[in-house]
Each structure stands twice: as C-alpha cells, then as structure tokens.
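What the coordinates show
Listed below, chain by chain, are the residues.
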Amino acid sequence: MPFYRCLIPPDSLSYEQRREIAVAFTDVHCGISAAPRSFVQVVFLEVSGSGEIADSHGSGAMRYDTPYFIAGGNRAGRHPQVKRRILDGLLEKFSEIAGVPASAVSGRISEAPASWTMEAGRILPEPGEESAEWHARAAPAA
Amino acid sequence: MIDFECTVQEGCVGERLRPRLAQAIEAACSEVLGAESGPVSVSWVEARKGFGFRGGEPSTTSLVRGRIPDGCSRETRGRLLHALERSWRRITGAAADEVIVSARDRGWTG
C-alpha cells in the first residue's frame, strides 16, 4: 500500500540516487509502521515546474510549487503524529540524498482505508491488525 | 463515473495488452457494480526503467487504482477487487505479488 511518487525535474537524479532514495523511503516507512518492506512502492516521475498530480488515495489533486515533490499514499488509521514522522523522514532523506536544500522539497501523504486495496491477492489489514500469518505471506521484495 | 489509473513498469505491460486490460476493467466494474454505475475510463502511467522500485529494488509491480461511486459495501468492493486482480493476472501473466488493486470512493478526500 505505501505508494510514494516522487516528482523530479528531468535528468535531475541518477539511477543510484533514485535507488538510494527508494531504499531510504523503505527504511523510513518500515521503521515507523508495520508494513513489510516489499510493500513499499516508490516511483519517480519527471516533470517541469509547478503543477498538480492526481491524489492516488483521495478524490482530488495534490498541488506543488517546489521543484521536488513527494506524493504519498498510505493506509488510513494511523495517528497524525505517526503520519507526520513518516513524511518528515521522507523529506529529510530525499533532500540529503538528492543533494538539494530542504526548501526545494515538499510533500503530502493522503490515506485510504486498507480494506479498499488488494495486494498479493489479499485484502489489506488495517494498521495495527496485521497478523503474523499476514507478515509471513508478504512477498519478498522484487 | 468510474476511473482507473494504472501505473505500470516499462517493459512489464506492453501497449498491446492495454486495450484488453481496459476492457477487462470495464467488464469487471459492470458485472460487480452494475452498468448504471456509469462509464469507465482507464488511463496509464508508465514508470521508465530504473524509475520504479519496490522495497528498494527494481519493481515489476503494476498499481491499478480506481475511483468508484460512494456507498459500496465491503463485500461488493471485495468482489470487485478480486475480479480486477484475476483479470489483470490472466491477461498479463503477472504473479499475485506483481499487482496491487484498489477501488476508493469517489467522495473520499484522502
């Protein structure tokens, strides 16, 4: 379910930087939540200037006016402070690895109920309701 | 009105398959939600090779995310998700862990 779309200027990040950011996002997300690492999806989309992108977990659009933007989507039900910690962690890691000032990166995370998503052939459990069996069945990263 | 945005990884779901996948999405929505739920539109986003990751590794996963009319029961939504997942895997040959399907209420603000 964790789905992070990184909007970046064309040719701004190397493959190694993108991969390092994807690993860092996985570390941040899984260090705070109970999600299996293999569930963290990170996609980089090259865009120019400011604009908006459709919300992956809500009905509207996310507007951005920084060169780099993280459009996140997670399971609903986490405490707002937890959600804030995840976003802060992502922003910090992105800025550090991309080598850009913090002011050049912004982001937002929207949420949707877990039961609205099927992953690896199963409806997702709500945060905090993940069983040991569910973790065991979670697919390895690929 | 129903709309789906499919994010696929370059080289994993060829353009040749996309019309069939769009038809399958429309058929699943019509079968489970009823034809009166409105027209179905399907759009595509392709992550270039080296631009999509899962668990920090290059990804082969497709994300099929849709918006459907509000008020769907849990049971009906579950049937829709299963129908979409089955169709996607049958057409693409993807493994179960290579497709994520979701259907959220149109009125859900996120």
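See the structure above.
Summary of the structure given here. Everything numeric in this text was worked out from a predicted model, so none of it was measured. (Residues numbered from 1 in each chain as written. Chains lettered and ligands numbered in written order. Predicted model: local features only at pLDDT ≥ 70, side-chain atom pairs only at ≥ 80, totals over all residues. Heavy atoms only, no water.)

1. Concerning the interface of chain A and chain B
Many analyses report the size of an interface as the accessible area lost when the parts associate. Defined as follows: Residues count as neighbours in contact if any of their non-hydrogen atoms are within 4.5 Å of one another. Buried area counts how much accessible surface, traced with a 1.4 Å probe, disappears from two parts once they are put together, with both parts' losses summed. Put simply, a salt bridge is a Lys or Arg side-chain nitrogen that is within 4 Å of an Asp or Glu carboxyl oxygen. Think of a polar contact as two N or O atoms within 3.5 Å of one another; within protein, one of them needs to be a possible hydrogen donor and the other a possible acceptor, and neighboring residues in sequence only count if both atoms come from side chains. Here a helix means four or more residues in a row that DSSP labels H or I, a strand means two or more in a row labelled E, and each is numbered from the N terminus.
If you look at the interface, chain A gives 40 residues, while chain B gives 41 residues. Approximately 3300 Å² of surface area, both sides summed, lies buried where chain A meets chain B, with 55% of it carried by carbon and sulfur atoms. Scanning the region where chain A abuts chain B turns up two salt bridges. One salt bridge connects Arg48(B) with Glu46(A), and the closest N-O pair in it is separated by 2.6 Å. Summed over the shared surface of chain A and chain B, the number is 19 residue pairs in polar contact (both at pLDDT 80 or more). Those elements that place two or more of their residues in the side of chain A that touches chain B are strand S1 (3–8), helix H1 (15–32), strand S2 (41–46), strand S6 (105–112) and strand S7 (117–119) of chain A.

2. Brief notes about the pattern of salt bridges
In a structure, side chains of opposite charge can pair up when their charged atoms sit close to one another. Note the threshold: Using a 1.4 Å probe on the protein chains alone, a residue whose accessible area is under 20% of its type maximum counts as buried, one over 50% counts as exposed, and one in between counts as partly exposed.
On inspection of all chains with the given rule, the structure shows 16 salt bridges over all chains. Note that Glu130(A) and Arg75(A) form a salt bridge whose closest N and O atoms lie 2.8 Å from each other. Of this pair, Glu130(A) sits in the loop between strand S8 (122–123) and helix H3 (132–137) while Arg75(A) sits in strand S5 (residues 68–75); the two residues are 55 residues apart in sequence, bridging distant segments of the chain. Assessed through its relative accessible area of 16%, Glu130(A) is described here as buried. Residue Arg75(A) is classed as buried on the basis of its relative accessible area, which comes to 4%. Among the ionic pairs, Glu75(B) bridges to Arg79(B), the shortest N-O distance being 3.0 Å. With a gap of four residues between them, Glu75(B) and Arg79(B) both fall in helix H2 (residues 74–92), about one helical turn apart. Several salt bridges converge on common partners, so that one network encompasses Asp3(B), Arg67(B) and Arg106(B).

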